[in-house]
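Here is how the chains run, residue by residue.
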Amino acid sequence: MILLELGFMHPRWLWALTAVPVLLGFYLIWNLAKRSKVVTDRSGLEVLFPKRKAWKRHVAVIAAVSSLAALTLAAAQPNGFVDVPRDRATIFLVIDVSLSMRADDVKPTRLKAAQDGAKEFIDSLPPGFNISVISFAATPTLRVPPTSDRVSAKRVIDELELLPSTAIGEGIYAALDACALIPPDPKHPNDPPPVAVVLISDGETNTGRKSDKAAEDARDRQIPIFTIAYGTAGGYIIDDNGQKNPVPVNKDELRKIASISGGKAYTAESLDQLREVYQGISRSIGYEREEQEITEQFVGYAAFLGLVALVGVMSLAARWP
């Protein structure tokens, strides 16, 4: 649960926070006055029992004042907009299996790294999510219809094989068509669940329907497409004649798809970058903002800081402040 914003049900209590700088100011003035006092003669007791380290006193005072501030915020009953896992959604994982994914500029190959990242992405989604796997080359194939069976989805991803040509638009349309297969929510059978498409590809459309038109249709159905341009500009594959054929990643087409559909475009040139991208997508589509009262959190902060102050006082043998 990640705190995003903060509001208060009783903001009038926030006026009490003015006591915090006042108390710290008095302490600072007192401490400076004490430092400026010149001690010309030290008693025998002071030699035998030197004064405690000043930093302990500083920590105790600051912790006590901070505890007071936390209690004041708790009294104002703070509300926070937090990220909480969605109860239910369907994610279509659309993976390019064209021959260019054989390039090894991403080790061991683009496809193998994409498979590993996709499986980790599936594991990161909230439990209530359905996952569907679609592969595409010249034509799309629905490998796994929308299901909560993560094991089957990951097994199918491991079995993907490379084929000629690239039809990104057809891959998107396959996801849109498969929306009809999403199982209804038992609690809300008449409410369509949220749907998103995660499209990973390294190339550009060279057959089938145009990808920008597919993105427009996805937008009309309020289905965002998150695209991942995977690979480097220097990628290449070796054909049957032993010649190198450049297969640079095409970022422009994927960026346009994401922009039109209302999604977001990402790029990744390594498996580690791909993992970071998937984590970002998981947070974007796996969580929603929800307002919650978080008074208990600030009470906990106050208790912890109060304990720190108490330990500091005890270490000073009750020398306060």
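Placed above this text is the structure.
Residues numbered from 1 in each chain as written. Predicted model: local features only at pLDDT ≥ 70, side-chain atom pairs only at ≥ 80, totals over all residues. Heavy atoms only, no water.

1. What to know about the pairing of strand β6 (residues 195–201)
Phase 1: The buried fraction of β6 is high, at seven of seven residues.
Phase 2: A two-sided burial pattern is seen for β6, the buried positions comprising V195, V197, L199 and S201 on one face and A196, V198 and I200 on the other.
Phase 3: For strand β3 (residues 90–96) and β6, the ladder comprises six bridges, and the chain directions are parallel. Within β6, the position partnered with T90 by the bridge is V195.
Phase 4: Note: β6 against strand β7 (residues 225–230), five bridges, orientation parallel. Within β7, the residue paired with S201 across the bridge is A229. (Buried < 20%, exposed > 50% of the residue type's maximum accessible area, 1.4 Å probe, protein only. Helix = DSSP H or I, 4+ residues; strand = E, 2+ residues; numbered from the N terminus. Pairing = 2+ DSSP bridges.)

2. A few points about the packing of aromatic side chains
Phase 1: Counted by the stated rule, this structure contains one aromatic pair.
Phase 2: Centroid distance F121 to Y278: 4.8 Å. Interplanar angle 25 degrees. Geometry classified as stacked. Of the two residues, F121 sits in helix α4 (residues 110–124) while Y278 sits in helix α9 (residues 271–286), which places them 157 residues apart along the sequence.
Phase 3: Judged by its relative accessible area of 1%, F121 is buried.
Phase 4: Taking relative accessible area as the criterion, Y278 reaches 2% and is therefore assigned buried. (Phe/Tyr/Trp six-rings, centres within 6.5 Å; stacked < 30°, edge-to-face > 60°.)

3. Details of the packing of helix α6 (residues 168–178) against helix α7 (residues 211–220)
Angle between the axes and distance between the axes: these two values describe a pair of packed helices.
Phase 1: In contact at an axis separation of 8 Å, α6 and α7 are set at 20 degrees when each is read in the N-to-C sense. Taken as axis vectors, α6 and α7 run roughly parallel relative to one another. Handedness of the crossing formed by α6 with α7: left-handed. Here I168, G169, I172, Y173 and L176 of α6 lie close against α7, whose contacting residues are S211, K213, A214, D217 and A218.
Phase 2: Classifying every residue of the contact of α6 with α7 gives six nonpolar, two polar and two charged. (Axes fitted to C-alpha atoms, helices over the stretch in contact; angles between N-to-C directions. Parallel < 35°, antiparallel > 145°, perpendicular 65-115°, else oblique. Left-handed = near helix turned anticlockwise from the far one by under 90°. Contact = heavy atoms within 4.5 Å. Nonpolar A, V, L, I, M, F, W, Y, C, P; charged D, E, K, R; others polar.)

4. Describing the pattern of salt bridges
Phase 1: Within this structure, the stated rule accounts for 14 salt bridges.
Phase 2: For D202, the salt bridge is made with R110, and the minimal N-O distance between the two is 2.5 Å. Of the two residues, D202 sits in the loop between β6 and α7 while R110 sits in helix α4, which places them 92 residues apart along the sequence. Considered together, D202 and R110 belong to a single accessibility category, that of buried residues.
Phase 3: Among the ionic pairs, R219 bridges to D220, the shortest N-O distance being 3.6 Å.
Phase 4: A relative accessible area of 42% places R219 in the partly exposed class. (Salt bridge = Lys/Arg side-chain N within 4 Å of Asp/Glu carboxyl O.)

5. Digging into α7
Phase 1: Of the positions making up α7, those classed as buried are S211, A214, A215, D217 and A218. Along the long axis of α7, the arc covered by the buried residues comes to 160 degrees, so they all point the same way.
Phase 2: In the core, the buried residues of α7 are packed alongside α6, β7 and α8 (251–261).
Phase 3: Of the residues one or two after α7, Q222 is the one with positive phi, at around 60 degrees. (Arc of directions from axis to C-beta.)

6. Some remarks on the packing of α4 against helix α5 (residues 150–158)
Phase 1: Taken N-terminus to C-terminus, the directions of α4 and α5 make an angle of 175 degrees; their axes are 9 Å apart at the nearest point. With respect to α5, the axis of α4 lies roughly antiparallel. Of α5, the residues touching α4 (which contributes Q115, A118, K119, I122 and D123) are R150, A153, K154, I157 and D158.
Phase 2: In terms of residue class, the contact of α4 with α5 is built from four nonpolar, one polar and five charged.

7. Describing the sheet that holds β7
Phase 1: With mixed pairing, six strands are arranged side by side in an open sheet as β5-β4-β3-β6-β7-β10. Taken across any chain shown, the strands that pair with only one partner, and hence form the sheet edges, are β5 (140–147) and β10 (265–268). In this sheet, neighbouring strand axes are inclined to one another by 15 degrees on average, regardless of whether the strands run parallel or antiparallel.

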